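Listed here are the chains, written in short residue letters.
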Amino acid sequence: MSKKKKSSSKTAAKIKTNIKTMVPKEEERGFRKFVSIVNKLDVFFNLFFIIWALLIEWYSVFVDWKYLKADLSEKIAFIFIPITIAVAIIIKRIYYKDPDNKKRKSAFLIWNAAFPLLYNVIFFFLMDKLYDYSGVFLGGITQYLARIMNMILSGFFLAVYITVKIIQKKRRENGKEMKPEKIKKIKTVLNVTLTIIILLTPVIIMTNVLRDNYQQAQFEKRVESQQDFIESMENKLSGDADISTVCNEAKLTLVALESMSKGESINVEDADHSSIFKETKVTQSVIDTALPQYLEVTNEYPLKKPFSEGNPIPLYDTNERTVHIGFTTDCTTPEGKESLCSIVCKYDSDWNLVKIYTLNTVFTASNMQ
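Remember, predicted model here, so these are calculated numbers, not experimental data. Each chain has its residues counted from 1, running along the sequence as written. A pLDDT threshold of at least 70 governs which residues receive local features in this predicted model, and a stricter bar of 80 or more applies before side-chain atom pairs are shown or counted, although totals over entire chains, interfaces and linings include all residues. Hydrogens and water molecules were not included; the side-chain quantities draw on all heavy atoms of the structure.

**Looking at the overall build of the chain**
Every helix listed is a DSSP run of H or I at least four residues long, and every strand listed is a run of E at least two residues long, numbered separately from the N terminus. Scanning the chain from terminus to terminus reveals 10 helices and 4 strands. What you see in the chain, going N to C, is helices and strands ordered as α-α-α-α-α-α-α-α-α-α-β-β-β-β. Compactness check: the chain gives a C-alpha radius of gyration of 40 Å against a globular reference of 21 Å for 369 residues, more than 25% above the reference. Expressed along its principal axes, the backbone C-alpha trace of the chain runs to roughly 105 × 100 × 45 Å. Contacts are residue-level and defined by heavy atoms, with any inter-residue pair within 4.5 Å sufficient. Taking the intrachain contacts of the chain between residues at least 6 apart in sequence as the baseline, contacts between residues at least 24 apart amount to 63%. The accessible surface values rely on the Shrake-Rupley method and a 1.4 Å probe; as for residues, cover is taken only from the protein chains in view. In the form shown here, the chain has an accessible surface area of approximately 24100 Å², with 61% of it arising from carbon and sulfur atoms. Charged side chains in the chain number 50 positive and 41 negative. The centres of these two groups are separated by 31 Å. The globule rule used here is 2.2 Å times the number of residues to the 0.38 power, and the radius of gyration it is set against is calculated over C-alpha atoms. Charge convention: Lys and Arg are scored as positive, Asp and Glu as negative, and His as well as the terminal groups of each chain are ignored. Charge positions come from single atoms, namely NZ of Lys, CZ of Arg, CG of Asp or CD of Glu.

Below, the structure is given as C-alpha cells:
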C-alpha cells in the first residue's frame, strides 16, 4: 500500500513538473507574442519595400514637380505618398505568397525595377520639354542626378534578383537549399532587430533632445548668473569707474610687487601709495605673501618683459563670487624654449585683493585659483 502511495506521489510530482515546464514565464510569453506580431507585420521587408517605392517610384515621378511647365497641385504629390506605400506592400505580399508564379513575378519586377527604369530613361530625355528652370541656380542638376541614380538602382535590383534566383536554383539542384526553419529564423532576427531599432530611435532622440535642452537651460542659467554677478560688482564701483579702472589698479599692484622683487621697500598701505587704490582695497600682507612665489616663478621662467606691461584679462568666478584679473607675458622655460606665463590678482565680492598667484601658462577660466 505504501509503495502505491509513493508511486502515485512521484507521478503527481512528475506531472506537476511537466506542467510547469510547459507553461512559459510571463516574460517569455510576452516576447513570443512580440516576435509573432513583428513577423506577421514583416517589418524588415515591408519597410525596405516602402522606402524603395518612395525612392524609386514616387521620387521618380515627382522629383522637381514644382518646376513642371504644367501646373501640378501640391496635394496630388502628397496624396500619392500613401498610395505608393499601399501599392508597394500589396505587390510585395502578393509576390511572396507564390514567388514562382510568373504573373506575380512579372508584377513584382515591373513595379520595383522595370517601370522606374523605363520611366527615368524617358524623362531623362524629356526634361527640357517638361520642366522650366528659368532663374534657378544649377537648374535641373537635381533631377539629372536623381534620375541617373534611380536608373542605376533599378538595374542593380534586377541584377541582384536574377543572381539570387540563379543561386537558389543551383542550390536546389544540388540539394543544398536552405531549410524553411532557417529562413524563418533569419527573417525573425531581421524583423525583431529592426523593430527594436525603430522603437528605440524616438527614445534616443527624445533623450538627446531633453539632454540638450537641459544643458542649454543650465548654460543660460550660468550666463544669467554671471551677468548678474558682473552687474553687482560694477554697481559697487564709484562714479564712472568700471572694470577697466579695476584693471589699472591691478596693474599698479603688480608694479609695486615687481619693484619689491628688485629690492625696493614699498608699503602699499602708507599714505603715498594707498591713495592710488580708489576702487580696490589692497593690503601689504597679500603682496608680501605673493612675493616668494613671484620670485620663484620668475627665476625659473625668466620674463622678457614685466607682467604689468601685459594686457589685463578679467574673469568672473560666479561660484566663489570672485574676480580674477590676469596679465600674460613672454618668458623662457628651463629648457630654453619660448613660452607664456601669467600672474593673477584675485578680488573678493567687495573688491578686496585677497590673493596674487602666478601660472607658468596662459591665464584662462580653467586654471583660476
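That covers the picture; the talk isn't over yet.
**Some words on the packing of helix H8 (residues 243–261) against helix H10 (residues 284–300)**
Angles here are taken between N-to-C directions and fall from 0 to 180 degrees, while the axes themselves are lines fitted to C-alpha atoms, restricted in helices to the stretch in contact. Put simply, H8 and H10 touch, their axes get as near as 10 Å, and they point 60° apart. What the angle tells us is that H8 and H10 run oblique. Between H8 and H10 the crossing geometry is right-handed. In this structure, H8 contributes Thr 253, Leu 257, Glu 258, Met 260 and Ser 261 to the contact, and H10 contributes Gln 284, Ile 287, Asp 288, Ala 290, Leu 291, Tyr 294 and Leu 295. For this classification, the nonpolar set comprises Ala, Val, Leu, Ile, Met, Phe, Trp, Tyr, Cys and Pro, the charged set comprises Asp, Glu, Lys and Arg, and every other residue, Gly included, is treated as polar. For the contact of H8 with H10, a count of residues per class yields 7 nonpolar, 3 polar and 2 charged. Geometric relationships in this document are graded by angle, where less than 35 degrees denotes roughly parallel, more than 145 denotes roughly antiparallel, 65 to 115 denotes roughly perpendicular, and other angles denote oblique. The crossing is said to be left-handed when, going from far helix to near helix, the turn is anticlockwise and less than a right angle, and right-handed when the turn is clockwise.

**So, the sheet that holds strand E4 (residues 353–359)**
Sheet strands associate in pairs through backbone hydrogen bonding, adopting either a parallel or an antiparallel arrangement. The strand order across the open sheet built from 4 strands is E1-E2-E3-E4, with neighbouring strands paired in antiparallel fashion. Lying at the two open borders of the sheet, with one neighbouring strand each, are strand E1 (312–317) and E4. Each adjacent strand pair in this sheet contributes to an overall mean axis angle of 25°, direction not counted. Seen against the sheet, H10 touches strand E2 (322–332), strand E3 (338–347) and E4 and runs at an angle of roughly 5° to E4. Two strands pair if DSSP finds at least two bridges between them.

**Some points on the environment of Asp 42**
Along the chain, the position of Asp 42 falls in the loop between helix H2 (26–41) and helix H3 (43–62). Placed 126 residues apart in sequence, Asp 42 and Gln 168 show a C-alpha to C-alpha distance of 22 Å.

**Considerations on H10**
Helices are assigned an expected span. That span is 1.5 Å times one less than the residue count. With 17 residues, H10 should cover 24 Å at 1.5 Å per step; its first-to-last C-alpha distance of 25 Å lies within 8% of that length. Bend at a given residue is defined as the angle between two axes, one fitted to the seven residues that end at that position and one fitted to the seven that begin there. The largest bend along H10 reaches roughly 30° and is located at Leu 291, with the proline Pro 292 sitting one to four residues downstream. Burial status follows relative accessibility: with a 1.4 Å probe on protein chains alone, a residue under 20% of its type maximum counts as buried, one over 50% as exposed, and anything between as partly exposed. Within H10, burial applies to Gln 284, Val 286, Ile 287, Ala 290, Leu 291, Tyr 294, Val 297 and Thr 298. On its buried face, H10 sits against H8, E3 and E4.

**Here's the deal with the pairing of E1**
Consecutive side chains along a regular strand alternate between the two faces of the sheet. Pairing geometry for E1 and E2, over 6 bridges, is antiparallel. Bridge assignment links Tyr 316 to a residue of E2, and that residue is Val 323. Between E1 and E2, which pair antiparallel one after the other, the connecting turn spans 4 residues, and Arg 321 there sits at a positive phi close to 60°.

**Notes on the packing of aromatic side chains**
By convention, a stacked pair of Phe, Tyr or Trp rings (six-membered ring in the case of Trp) has centres within 6.5 Å and planes under 30 degrees apart, an edge-to-face pair has planes over 60 apart, and any other such pair is tilted. Evaluated as defined, the whole model comprises 23 aromatic pairs. Each ring, one from Phe 62 and one from Phe 80, has its centre 5.7 Å from the other, and the planes form 45°; the classification is tilted. Linking Phe 62 in helix H3 with Phe 80 in helix H4 (residues 74–97), this pair joins segments that are 18 residues apart in sequence. The class of Phe 62 is buried, set by a relative accessible area of 8%. The exposure class assigned to Phe 80 is partly exposed, which follows from its relative accessible area of 37%. Between Tyr 131 and Tyr 133 the ring centres are 6.2 Å apart and the planes differ by 15°, which places this aromatic pair in the stacked class. Here Tyr 131 matches Tyr 133 in class, with each residue buried. Among the aromatic residues, those joined into a ring-pair cluster are Phe 44, Phe 45, Phe 48, Phe 49, Trp 52, Tyr 95, Tyr 96, Phe 108, Phe 157 and Tyr 161. The criterion is that NZ of a Lys, or CZ of an Arg, lies within 6 Å of the ring centre and within 35 degrees of the ring normal, and then a charge sits over that ring. The ring of Tyr 96 carries the charged tip of Lys 92 above its face, separated from the ring centre by 5.2 Å.

**As for the side chain of Asp 64**
Within the secondary structure, Asp 64 sits in the loop between H3 and H4. The term salt bridge refers to a side-chain nitrogen of Lys or Arg lying within 4 Å of a carboxyl oxygen of Asp or Glu. Although Asp 64 is buried, it makes no salt bridge; Arg 147 carries the closest opposite charge, 7.8 Å away. Apart from residues lying up to four places away in sequence, Asp 64 is in contact with Tyr 131, Tyr 133, Thr 142 and Gln 143.

**Considering helix H6 (residues 141–173)**
Spanning 33 residues, H6 covers 48 Å between terminal C-alpha atoms, matching the ideal 48 Å at 1.5 Å per step. All buried positions along H6 are accounted for by Gln 143, Ala 146, Arg 147, Asn 150, Met 151, Ser 154, Phe 157 and Tyr 161. In this structure, the buried residues of H6 make contact with H3, H4 and helix H5 (102–130). Looking one or two residues past H6, Gly 175 carries a phi angle of roughly 70°, positive in sign.

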